[in-house]
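Close look at the chain arrangement
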Amino acid sequence: MGNQKKPMRMPILHLPMEVIREILSWLPVKSVCRFRCVSKSWKSLILDPQFVKLHSDKALEHEDVFYQRRRVMIKDDSCHCLFSLDLDEVLDQNDIDNLGDNHDLLVKFRALRSKDLSGDDYYHGDDDVDDNEDLYPRCCIFSRVVLCCEGMLLLLGLSRLFGNVCLLNPATRESKVLPDPPEMFTPETGDYYYCVSGFAFDRCTQDYKVVKGDCCEGELKFCVYSLRNNSWLVIERQHHYEGFQSGQEGKVLNGGIHWVVQRNFEPESSMVILCFLLSEEEVREIPLPTDFDIVNNEEVNLSVVGECLCMIPKYYEKHEAFWVMKKYRVRESWTQIRVCIPSLSWSHSGFWKNGYDLVLFKAEGKLVLLNSDEETFRNLSFDQIRIGYVGIYLESLFSPNFPAITD
């Protein structure tokens, strides 16, 4: 017993902090969050704004990291629950081209549940992230989700006038309830309604911004929330436009938020795409295709597909095509794409991979992988879920509670 050798201890390897920084920047968000418990120096590194930006840039610079962090966010149409799906992993593990005819693709997803904030207006997140932990504030009973490529979601409340708004990072489990927006019109002004909204990251000012537009008597007026300032600013100028539907959610592309609206001034009243420029806080028009034969007041679904604007008529039985603007703001670049889709109303999620596009059949509440070249479909099978909304986001370390983290 006395001669028994003691087990050898492995020497502790001390790596330079720059090497640790580079290694961590390649890892998934969940793993990085857990590594905050290793030491004070690691936690300080992970919370450093420059590291957060470095970690985010990896997904923009490397395709494999992009696919690793991309998630499909789904909202149940009936009970307003959120679900997260790693569809890239599903496609990597299944040869969907050879599944056979009429074969549904069974997918698993993770439910994201609300967390009681106990009076606080945000949740800071734990060092150890628990998959089963409630996620977003119960006080934010939402009806829609607007997604941002920088890793945060905007949960919009059920209120007709844009109440109960919450920012959420589902990867770090941090959330923040925003202050109510100011009233831009009064009852004395006339009948007004919440018309359009949008959420995006302004790269010029390195700030998250929420945009809300109200319509009154054919006039559209905007206010903008800045996460950095934690306040709303009313843009005094009014514009001669109105929306086709209340609460239309904008699509983000090239530093602007886009909606389909009705122009109410000369030379003629017509449908156009209106872009709100985040940095300039001004609007500009984008023309529709010259042969766009949609009737007045018929709704269209506006999407962004592969860095291009895409317009899809809502009632598809009248149309056998949708349009893609292949060169931004160039009217002649609108290209008509014909495809046979068995649904009256559908929209593009923004997800595409290996020749397949993820689309939502709104009337049926179903998600479908569409191969327009082969004219084939693969239904995504979810257990007892009727899908009301689908969008895409990239997991990131950006925080809604510390706006300086975007410096």
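Residues numbered from 1 in each chain as written. Predicted model: local features only at pLDDT ≥ 70, side-chain atom pairs only at ≥ 80, totals over all residues. Heavy atoms only, no water.

Counting secondary structure elements, the protein chain contains six helices and 30 strands. Here the protein chain holds 407 residues, and the buried ones make up 52% of them. Within the protein chain, counting contacts between residues at least 6 apart in sequence, those at least 24 apart form 53% of the total. By element, 49% of the accessible surface of the protein chain is carried by carbon and sulfur atoms, the whole surface being about 20,000 Å². (Helix = DSSP H or I, 4+ residues; strand = E, 2+ residues; numbered from the N terminus. Buried < 20%, exposed > 50% of the residue type's maximum accessible area, 1.4 Å probe, protein only. Contact = heavy atoms within 4.5 Å. Areas by Shrake-Rupley, 256 points an atom, 1.4 Å probe, with all protein chains shown as cover.)

Another point: the state of the cysteines. Taken as a whole, this structure holds zero disulfides when the rule is applied. Between Cys308, a free cysteine, and Cys310, which holds the nearest cysteine sulfur, the sulfur-to-sulfur gap is 9.1 Å. (Disulfide = S-S within 2.5 Å.)

Our next topic: the sheet that holds strand E17 (residues 248-249). Read from one edge of the open sheet, five strands run E15-E14-E13-E12-E17, paired in mixed fashion. Bordering the open sheet on either side are strand E15 (231-234) and E17, each of which pairs with just one other strand. Note that strand E12 (residues 192-202) and strand E13 (residues 207-216) share 10 bridges and pair antiparallel. Residue pairing for E13: Tyr193 is matched across the bridge by Cys215. (Pairing = 2+ DSSP bridges.)

Time to look at unusual backbone geometry. Its identity as a non-glycine residue notwithstanding, Gln206 has a phi of 50 degrees, on the positive side. For Asn354, which is not glycine, the phi dihedral falls at a positive 55 degrees. Mapping Asn354 onto the fold places it in the loop between strand E26 (346-353) and strand E27 (356-361).

What follows concerns the pattern of salt bridges. The tally for this structure, following the rule as stated, stands at 13 salt bridges. Between Arg21 and Glu18 there is a salt bridge, and its shortest N-O distance comes to 3.9 Å. With Arg21 and Glu18 both in helix H1 (residues 17-25), this residue pair falls three residues apart, about one helical turn. For Glu18, a relative accessible area of 55% gives the class exposed. A salt bridge links Asp92 to Lys353, with the nearest nitrogen and oxygen atoms 3.3 Å apart. With Asp92 in helix H6 (residues 87-93) and Lys353 in strand E26, this pair connects stretches of sequence that are 261 residues apart. (Salt bridge = Lys/Arg side-chain N within 4 Å of Asp/Glu carboxyl O.)

Before going further, it helps to examine a nonpolar patch on the surface. Judged by side-chain polarity, Leu15, Val19 and Ile23 come together as a nonpolar surface patch covering roughly 220 Å² of accessible area. Counting through the fold element by element, Leu15 comes out in the segment before H1. (Patch = residues over 30% accessible without salt bridge, like charges linked within 9 Å, V, L, I, M, F, W, Y side chains within 5 Å.)

Across its 13 residues, helix H4 (residues 49-61) extends 18 Å between first and last C-alpha, which sits within 8% of the 18 Å expected from 1.5 Å per residue. Considered for burial, the residues of H4 that qualify are Phe51, Val52, Leu54, His55, Ser56, Asp57, Lys58 and Ala59. Here the buried face of H4 lies against H1, helix H2 (29-34), helix H3 (40-47), helix H5 (63-69) and strand E30 (387-394). Near the N-terminus of H4, the side chain that reaches the backbone nitrogen of Gln50, with its oxygen 3.1 Å away, is that of Asp48. (Expected span 1.5 Å × (residues − 1). Polar contact = N/O pair within 3.5 Å; in protein donor to acceptor, adjacent residues only side chain to side chain.)

With respect to the helices, strands and loops of the structure, Gly151 is situated in the loop between strand E8 (142-147) and strand E9 (153-157). Assessed through its relative accessible area of 0%, Gly151 is described here as buried. C-alpha separation for the pair Gly151 and Pro170, spaced 19 residues apart in sequence, amounts to 7.9 Å. Apart from residues lying up to four places away in sequence, Gly151 is in contact with Leu168, Asn169, Pro170, Tyr393, Leu394 and Ser396.

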